[in-house]
Structure formats: C-alpha cells, structure tokens
Amino acid sequence: MTTGTMDDQSIVLLVEDNLDDADLIRHAFRKADVRNPLVVFDDGDKAIDYLLGREEYADRQRFPVPRLILLDLKLPRRSGNEVLSVIRATDAVRQIPVVVLTSSNREDDIRKAYDAGANAYLVKPMGGNALVTMIRSIHAFWISQNSAPY
Amino acid sequence: MDQDHSRQLRQQTALAQFGELALHSDDLDEILTEACRLVGEALGTDFAKVVELQPDGNTLLVRAGVGWTEGVVGVATIQATDDTSEGYALKTGEPMISPDIDEETRFRYPDFLITYGVKAVANVIIIGGTDRPPFGILQVDSRVRREFSEEDVAFLRTYANLIAATVERLSVLNETRDASTRLRLALEAGDLGSFEMDVASGHITSSDRYDSIFGIVSVEKSWTWNALLEQVVPEDRAGIADAMRSALAESGELRVEFRIERAEDSAPRWIELRGRLDDQGDSPPRIVGIAADITDRKLAEQALVMSNGTLEAQVSERTNSLAESNAQLDAFAYTVSHDLRAPLRAMEGFARILQEDHGAGLGEEGYHYASRIVGAAKRMEGLIDDLLAFSRVQRADVTMKWTDPARAIRNAITELRSAGFDESAVTLKVTPSFPPIKADGMILAQVIGNLVLNAAKFKAPDRSAHVTIRAERCAERVRIWVEDNGIGIAPEHQARIFNVFERLHGQETYPGTGVGLAIVKAGVERMGGTCGVEGDLGVGSRFWIELDAAENSAGEGVS
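Just so we're clear, the structure is a prediction, and the values are computed from it rather than from any experiment.

**Student:** Mind showing me how you'd approach the environment of L24 of chain A here?
**Tutor:** Take L24 of chain A: it is sitting in helix 1 (residues 19–31). Given the relative accessible area of 8%, L24 of chain A is considered buried. Each C-alpha atom, one on L24 of chain A and one on L131 of chain A, is 8.2 Å from the other, the two residues being 107 residues apart in sequence. Among residues more than four places away in sequence, those in contact with L24 of chain A are L131 of chain A together with R345, A346, G349, F350 and I353 of chain B.

Right, dumping it as structure tokens:
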C-alpha cells in the first residue's frame, strides 16, 4: 500500500490524442506543482502496449506501472472505453485508478465510461485556472490521499 | 221415373265434368261460373250465382253467375243481415229454401232479385277452409214459384262443397306462388343463386343464377358436389370439404368461402356458399342454401389490407428516417460539444499561458490582444453551450406530468446559482403558490431559468432590478408571468426576440448569444404551450408562458 506525497515519483499515464490538450495538461501539472512524471500516449494501442509491458515497454524498471491513468474518450482507432475495458480485463493492471478526462458531458458517454470501469469522470474545463485547479485536486485526491494498490 | 233417371244421369255427368275442371283449372272465376251454369241447367232455374263474403264479414258480392245481364256479376252486393235468407244461411250453415218469396215472411230480398222477377230461391253455404269464415253462398233463383227437393238441395251442397275445396286448393296454390315469387325476387335482388343438394348422392339442383355463378350456362344441368369440388382451386378444397363435413355431422349449417376456376376467367373467383341441413321432413336429407359471387367484396377487402400494409410500411419508413435524422443530429451535437470545444480550449488556454507566463515579453499591446483571444474564445464557448441547450430542448423526450410551478422555479434558481448567477443584483419576488400545470419539470425549469436570467440581464442602468414571478389561471390554461422593471422592448421588436440568434443590443452593452429566448420558445412549444412578451421600452418587460392546467389534487399523475 502506498500513500503518495508531493515527492512521490510514481508515474501518471495520460492517454490523449489532442496535442494541445496534452500540452495544456502538462503545463497545468507544472503550474500545480505536481511532480509525478507524466507519460503521454496519443493512441490507445500504444497505451495498452505500455500497460501490459509489451514490446519495447517490457522493462518494468524503465516503464513502471502507473499510479493513475488519465484517459480521454475520443481516441483514434481504439476508443477510450475500449482501452478501459482492456485494462479492467487484465489482471496485472486492472486495479489502477482510471480518471476519464474528456470534452464530452453527454449522459450517454458518462454512463458508458462508468460501465467500462472508470473510477471518475471529469469534463475538461475551460477558462482561467480551471484546469490547473482540476489537476491540483486530481493529485491531491488520487495520488496524495488515495491509497493505491501498487 | 224415367225423367228422374235421365235427370240424375245428367246431373252426375255434369258433376263429373265439373270435378275435372275444379281439379285442373287455376281460374276461380271460370270454375265458379261453370258451377253456376251446371247447377242452373241441372235444376232448370233461370239464374244461378255465387256470392262471396267480403272481408268485412257482412257484405256479399255477386262473384259469378249465369242468367244475369250486365251490372250484377262483380257489382251487385247483398248485406248479410239477419232478415235476409243469405244472412241466415251464413249464420246457421243450413240450406235456406224459399219456394215463393211473395209468401216469405221471414226475409227481405234485395232489389235486384225483385227487378229480375225472381220468385223462388235456394241457398247453400260454401264453407271456408280450416279456421276461416265461409267463402260465400251458392244460390239458384227461379222466376217461377217452385219447390226444391231434398235431392236438389243435396245436389247443390255437393257443388258448394266442391267449390269450397277448390277455393281452398287455389288459395294454397296462390300462397305458395306468392311465397316462391317473393323468394325468387329476393334472391334476384341479392344476386344470389340457390341450390339444393341431396346428401346421399351429392346431386345438386340449382337455380339459373347458381349456374351462371359457377360459370356454366349449359343445357345439361347435372351438378354434383364432386364436380363442384373439382372447380375449387386446390388450396381451398380442404376448407370447403371440412365445412361440408361439419355441417352434416355437427352444426347443420354450411358457411364457407372459397375460390373457383372458371373457363371464361383469367383469375379465380371468390364464392360464398351458405346452407342449412334439412333432415327432418319426409324427403331424404338435403342441404338447401344460396351461393353468391363475392369476388368484388374480396378484392375490395384485399385492396384495403394492401393499402393498410402500404400505409404501415410508409409510416415505419418515415419513422426510421426520422430516427436516423435524429441520430445524425445527435452525432452532430456530439461533434459540436467535443470537437469544437477542443480547439477553443487550446486558444483560451494558450492565450492565458502567454499572459501569465510571458506577459513581460508581450508588452502592453500584446497582453491586450491575448486578452481579446481569451474573451473571444469564451464567447464562442457560451454560444456552443447555448446551441447545445437549444438542440437538447428540441430533441429531448418530453414527459408531461402534474407539476407544481413553484418547485420548477426553485429548481431553476438553484441551477442559476450553481452556474454563477449573482442573486444579489436582483430583487426576485415569487408568489407563494401556483396553480398546478401539466409540464415536463426539467424543461419548465430551464424555460423559467432563462426568463429570469433574461430579466436580470436587461436591467435599467438607473434603477435596481426587480423581477416578479406570478401566475394566473385562464380557463384550462395557466399563464406564468416573469415581469421586470428593466429596459423593456419596443413593441415593434417584441415579435422577433424569440427567434434564435436574434439580438437587440451590441455585445458591449448586453453580451449574449441570442439563443436564450429561443430555448424558452422551443421548450414551451415542446410542452404544447405558448409564450409571449408585453411591456414597452423604458418601463420593463412582462414575459409570459402559458401551459395546460392540471387538476388541483396533488395526487393526480404524480409519479
């Protein structure tokens, strides 16, 4: 059981195909002073390879299991929900908390994401420091306060 | 004696002839006249006649006779009162003999008898059929005074009885004819053929119409059940055979529709047979019934079924295409919410990063432009939000229920508060209770929320904003008013402010997307209501929505 601190170096995996959003999130991590390394994948297949430790990600020392996954829903090829389903069906990684971070606030998307096994569903905010604030709370809750299984 | 003997012989010969006539002729007048002739001749009287009792039971009409000149037969009548010999005969049923009417003290005699110089009269009654009044009287009249012997009376009675039997026979015959004429006319009027089938042999006796229905106008009328079955199209044969079996074994009633092939037609014709089993009488068991060509009716029915089918297909096709276009709209709305927002977020986010992290390098002007980018992005986001709300209201499933407007108003204000609505800037007055209405609670809350936002937004610069929400009942409807003391709307603009993207002010004075009131209108219309605005420029606006009232009992329709 691990409880994170500000100095916790466990990684956060971000699956996000929109590079603007990825940059904004990265920037927000810095602004919020969240120091966990952010590993970003822009498609679901690569993210799954990483999570399963396949191919070039076989070395778990270099490519450790993430503490938290931030998952966009609308991805090329494999959708966010499909990635989520694979995670939940794979023993090695199925307990990792997954926070869906997406543009859509459609009820249908929300329901489906929880069905697929999401732990939380956040809509990407706009304006001001909303994103920084959100990243700060994500860190506070999921990394600092939450007890992770890994 | 000799004379008597030859008279007797004559009488018997006459009787035999009459008997033959009475059996064979259908003409009652001929028979009656001949009877009169024969009895007159045999009895040697000058006159003989048959008087027929009329339906009034009192008047006797001279129906037939001999010896009379014109104006008597078919014309003269006698009233059968007690003081006439006729009345007496009818009443007693006994023969009445008056050898000399001048000496007769019991009866009066009709004028025409006196005029013809009648002296002696003999009357015998012609009885009627079972339970019927007498037919009338057979009378012989003589110009000379004379006696009538017992033989003469017996002779007259023989004729009278033969006439009675003949009258009965003819009346039965006429009734039968009438009945069969009625039946024939009815069958013709219904375009029905009639048939009779001997159950044992299957032989069918048929009417002409029956024959033409089955398509053969042949001289040879030799129908049988098996021949009929052969004409039936193969797939209907089992049905008609079953129907006949059940009629014979169980119900006694045949009722079946089937198709037959006729040489002269390109398509089979629909026939209906209806019959009853008659196995009670003396004759061998038979099925008696009618046949009808119901092809036209069947074709009409099929056309109806087909047009119903076509209609259903069209409805389902349109429903599908509607569902499809709804799905497309849904996909469109998703695209708008997701894909249009992403670049906006980037514009706003990066512009803000420029301001915050690189403000110094930008200079004052650069900083200002970055602010403009942020502002424009935020307006665009507002527009997207409103458009999405507008599209949601138009497509949402509407569930009309008993609704307390007060509750919808509370929900609306809570919603506004959580969206950052500054309540302190407005004095909001809501009447404590509202008549219940039929509405969709979510849509109603959104409509009222938009009206409140609108009222608060267009506040007059020189006075604090007051917004009042109240209701009034108009017959079956309830009108909810949202009134403000804001800048108001000139009457000439009031009609168009509910249109989407319609704005009356520049962004600088009153920023907005022009969608809020369009959402109000769409929402109210989705709930089957109407909306409008009153008021004038400078004095404030009174917006109203009108919806169906609900029963005042809170129990109704609440779920």
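**Student:** What is the right way to read the pattern of salt bridges from this model?
**Tutor:** One side chain can pair with another of opposite charge once the charged atoms of both are near each other. Residues and elements named next belong to chain B. Evaluation of the coordinates by the stated rule reveals 56 salt bridges over all chains. One salt bridge connects R269 with D293, and the closest N-O pair in it is separated by 2.7 Å. Taken together, the positions of R269 in strand 11 (residues 269–278) and D293 in strand 12 (residues 286–293) put the pair 24 residues apart, joining distant regions of the chain. According to the relative accessible area criterion, R269 is partly exposed, its value standing at 21%. Taking relative accessible area as the criterion, D293 reaches 23% and is therefore assigned partly exposed. Here D385 makes a salt bridge to R341, at a shortest N to O gap of 2.9 Å.

**Student:** Looking at this structure, how should I read the environment of T335 of chain B?
**Tutor:** Mapped onto the elements of the fold, T335 of chain B is located in helix 9 (residues 295–395). Along the primary structure T335 of chain B and T158 of chain B are separated by 177 residues, whereas in three dimensions their C-alpha atoms are 116 Å apart.

**Student:** Explain helix 8 (residues 234–251) of chain B here, please?
**Tutor:** The α-helix winds at 3.6 residues per turn, so residues separated by three or four positions along the chain end up facing the same way. Residue and element names in this part refer to chain B. Over its 18 residues, helix 8 runs 25 Å from end to end, which matches the ideal 26 Å to within 8%, given 1.5 Å per residue. Against the buried residues of helix 8 lie strand 7 (193–198), helix 7 (225–231), strand 10 (253–260), strand 11 and strand 12. After helix 8 finishes, the residue G252 shows a positive phi value of roughly 75°.

**Student:** Help me understand the sheet that holds strand 19 (residues 540–548) of chain B in this model?
**Tutor:** In any sheet, the strands associate via hydrogen bonds between backbone groups, in a parallel or an antiparallel arrangement. Residue and element names in this part refer to chain B. Here we have five strands laid out as an open sheet, ordered 14-16-17-19-18, and mixed in their pairing. Of all strands in the sheet, those with a lone pairing partner are strand 14 (426–430) and strand 18 (530–536), marking the two edges. Going across the sheet, the axis of each strand differs from the next one's by a mean of 20°, ignoring polarity. Pairing geometry for strand 16 (residues 465–474) and strand 17 (residues 477–484), over eight bridges, is antiparallel. Among the inter-strand pairings, R473 is bridged to a residue of strand 17, identified as V478. Along the sheet, helix 13 (residues 516–526) makes contact with strand 18 and strand 19, crossing strand 19 at roughly 20°.

**Student:** What's the story with the environment of L277 of chain B in this structure? I'm lost.
**Tutor:** All names here are of chain B. Along the chain, L277 turns up in strand 11. With 26 residues separating them in the primary sequence, L277 and S251 have C-alpha atoms 8.6 Å apart. If we skip the residues at most four places from it in the chain, L277 touches V199, A247, L248, G252, R286 and I287.

**Student:** So what exactly am I meant to see when it comes to the sheet that holds strand 5 (residues 120–123) of chain A here?
**Tutor:** Residue and element names in this part refer to chain A. Pairing is parallel across the open sheet formed by five strands, whose spatial order is 2-1-3-4-5. Only two strands of the sheet have a single neighbouring strand rather than two, namely strand 2 (38–41) and strand 5. Taken over all neighbouring pairs, the strand axes of this sheet differ in orientation by 20° on average, direction set aside. Where strand 1 (residues 12–15) and strand 2 come together, four bridges link them in parallel fashion. Bridge pairing in strand 2 places V12 opposite L38. In the packing of helix 4 (residues 107–116) onto the sheet, contacts are made with strand 4 (98–102) and strand 5, and the angle to strand 5 comes to roughly 150°.

The rules behind the values
- Residues numbered from 1 in each chain as written.
- Chains lettered and ligands numbered in written order.
- Predicted model: local features only at pLDDT ≥ 70, side-chain atom pairs only at ≥ 80, totals over all residues.
- Heavy atoms only, no water.
- Helix = DSSP H or I, 4+ residues; strand = E, 2+ residues; numbered from the N terminus.
- Buried < 20%, exposed > 50% of the residue type's maximum accessible area, 1.4 Å probe, protein only.
- Contact = heavy atoms within 4.5 Å.
- Salt bridge = Lys/Arg side-chain N within 4 Å of Asp/Glu carboxyl O.
- Expected span 1.5 Å × (residues − 1).
- Pairing = 2+ DSSP bridges.
- Axes fitted to C-alpha atoms, helices over the stretch in contact; angles between N-to-C directions.

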